[in-house]
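Residue strings, one per chain:
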Amino acid sequence: MDQTTIQAELEQTTLPHTRAQDAQASLLDRIRAGEIPKPAIHPDVLEEDPVVQIKKFNLFYTKARALFDVSMPVPAGKVTAIIGPSGCGKSTLLRSVNRLNDLIDGVRIEGDIFLANRSVYEKRVDVIDLRKRIGMVFQKPNPFPMSIFENVVYSLRIDGERRKGVLKDACERALRSAALFDEVKDRLKDSALGLSGGQQQRLCIARAIVADPELLLLDEPCSALDPIATIAVEELIRDIAERYSVMIVTHNMQQASRVSDYTAFMYLGRLLEMGPTEHLFGNPTLRETEQYVTGRFG
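Since this is a predicted model, take the numbers as computed values, not measurements. (Residues numbered from 1 in each chain as written. Predicted model: local features only at pLDDT ≥ 70, side-chain atom pairs only at ≥ 80, totals over all residues. Heavy atoms only, no water.)

> I would appreciate a short explanation of the nonpolar core in the present structure.
Proteins that are soluble and globular tend to have nonpolar side chains buried together. Among the nonpolar cores identified, the biggest contains 55 residues, and Ile83, Val152, Leu175, Leu203 and Leu216 are the most heavily contacted of them. In terms of residue count, the dominant contributor to this core is helix α9 (residues 197-209) (6 residues). Sequence-distant contacts of Leu203, defined by excluding residues within four places in its chain, comprise Pro143, Ile148, Asn151, Val152, Leu175, Leu180, Ala192 and Leu195. Among the nonpolar cores identified, the runner-up in size contains 34 residues, and Val52, Phe57, Val97 and Leu115 belong to it. (Core = buried A, V, L, I, M, F, W, Y, C linked by side-chain atoms within 4.5 Å. Buried < 20%, exposed > 50% of the residue type's maximum accessible area, 1.4 Å probe, protein only. Helix = DSSP H or I, 4+ residues; strand = E, 2+ residues; numbered from the N terminus. Contact = heavy atoms within 4.5 Å.)

> Hey, could you run me through the pattern of salt bridges in this one?
When their charged atoms lie close together, side chains carrying opposite charge are able to pair. All chains considered together, the criterion is met by 18 salt bridges. For Lys132, the salt bridge identified is with Asp159, shortest N-O distance 2.5 Å. Of this pair, Lys132 sits in helix α5 (residues 127-133) while Asp159 sits in the loop between α6 (148-158) and α7 (164-177), placing them 27 residues apart in sequence. Between Asp182 and Arg176 there is a salt bridge, with its nearest N and O atoms 4.0 Å apart. The exposure class of Asp182 is exposed, given its relative accessible area of 57%. One continuous salt-bridge network, built from bridges that share partners, spans Lys56, Arg65 and Asp69. (Salt bridge = Lys/Arg side-chain N within 4 Å of Asp/Glu carboxyl O.)

> Sorry if this is basic, but what is going on with the pairing of strand β5 (residues 107-115) here?
It is a general feature of regular strands that their side chains alternate between the two faces of the sheet. With 8 bridges joining them, strand β2 (residues 50-61) and β5 adopt antiparallel strand pairing. Bridge pairing links Gln53 to Phe114 in β5. Pairing analysis gives 2 bridges linking β5 to strand β6 (residues 118-119), with the strands arranged antiparallel. When the bridges of β6 are listed, Phe114 appears paired with Ser119. Connecting β5 to the antiparallel partner β6 that follows it, the hairpin turn spans 2 residues, and Ala116 within it adopts a positive phi of roughly 50°. (Pairing = 2+ DSSP bridges.)

> I'm lost on the confidence of the model for the protein in this one. Help?
When pLDDT drops low, the exact placement of atoms in the prediction is not to be read closely. Chain-level statistics for the protein give a pLDDT mean of 91 and a share of 92% at 70 or above. Ignoring residues within four places in sequence, the model shows residues 1-18, a span with pLDDT below 50, making 31 contacts including any to other chains. (pLDDT = per-residue confidence, 0-100.)

> Mind showing me how you'd approach the sheet that holds β5 here?
Whenever strands of a sheet pair, they do so through backbone hydrogen bonds, lying parallel or antiparallel. Sheet architecture is open: 4 strands sit in the order β3-β2-β5-β6, paired in antiparallel fashion. With partners counted over all chains shown, the strands left at the sheet margins are β3 (64-75) and β6, one partner each.

> Help me out: how do you make sense of the environment of Ile83 in this one?
The topology assignment puts Ile83 in strand β4 (residues 79-83). A relative accessible area of 0% means that Ile83 is categorised as buried. Along the primary structure Ile83 and Tyr292 are separated by 209 residues, whereas in three dimensions their C-alpha atoms are 9.5 Å apart.

> What is the right way to read the state of the cysteines from this model?
By definition, a disulfide links two cysteine residues through a covalent bond between their sulfur atoms. Counted under the stated rule, the structure contains 0 disulfides. Left unpaired, Cys88 is separated from the closest cysteine sulfur, that of Cys222, by 18 Å. The structure places no disulfide on Cys171, whose sulfur is separated from the nearest cysteine sulfur, that of Cys204, by 13 Å. (Disulfide = S-S within 2.5 Å.)

Dropping the structure here:
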C-alpha cells in the first residue's frame, strides 16, 4: 500500500471523533495488526548524499520481530535523530549499523545496511574494523577505570599505535573537539572515574572520535545527565556535526528539534516518516507524526 493510498484512507475516516483522532486510530491500529506502511520520506532527504543506506532491514530476536522493512538514508555530514515511543526499535536500529546486535543470542537479520556504499553485513566484513569506522556513545557514561589520557587514546593503542607524540596530539585534538581539554588538561593522568557525569560523557565522545570515524552513533547520550550537562553535550553535538555524520536516538522531542538536521519517526519497529527536522516538527506529512511530536500519544 503506497503513501497516497494511506493518506486517502485517513482523509475519508468518518468515526464520531476528530479527524486527527480517527486518522491516528486507523493507521496505528493497522500497524498493531501487522501492517507495514510505506514511510513518508521528504524529498529533501533523498537529495542528500548518504553516509549510510538502510534497505528493507528486518531484525528478529529468535522468533520475535523487532524491525520491519526499514529503509532510509542517513545524510552525510548531518545530524539525524531517531524518535519514537519506548520499544519502537530506535536503539535496535542504531546498534544494527555497527552490528552490536550480533552479540545477542538468537538475533538474525534480513535486508542490508550500507556504510559508504559497502554492506556492513557482507560475510567478508571485519566487524572489529567496522566498529573502528563507527564511533559509539551509550546512554550512561562508561569511562574505563584508567586515566583520562588512556581512555581517550585507548582505540589507538589497541590498533598498535605506540608513538608518544602521536598519542599526545590525538588526545588533545579529541578532547578539544569534545570541549573538554581546558577542563582536564592539568590532570590527564588522573582517573577518568573522578570526572562529573557530564564530563564523563564528553570524555566518551572524545574517545569515540579520536580515530576520526566515518559515523558517530549516540544512543540517548543525555538520558543520565542533569539539565546543565545536557546543554553542554547538545552544544557539543552541534559542534562535532561540522566534522562528522551523526545518528542520535533520543526520547526527548525538544532535544531532537534542537540538535538534528533530519528526524526519523518510528513506531513498533516501522519507519513512519523522515524529513528535515523543521518540517517534521512544524508541518509533518502524517497526522501520526504530529500527534506524537505534540505529545498526544506515546
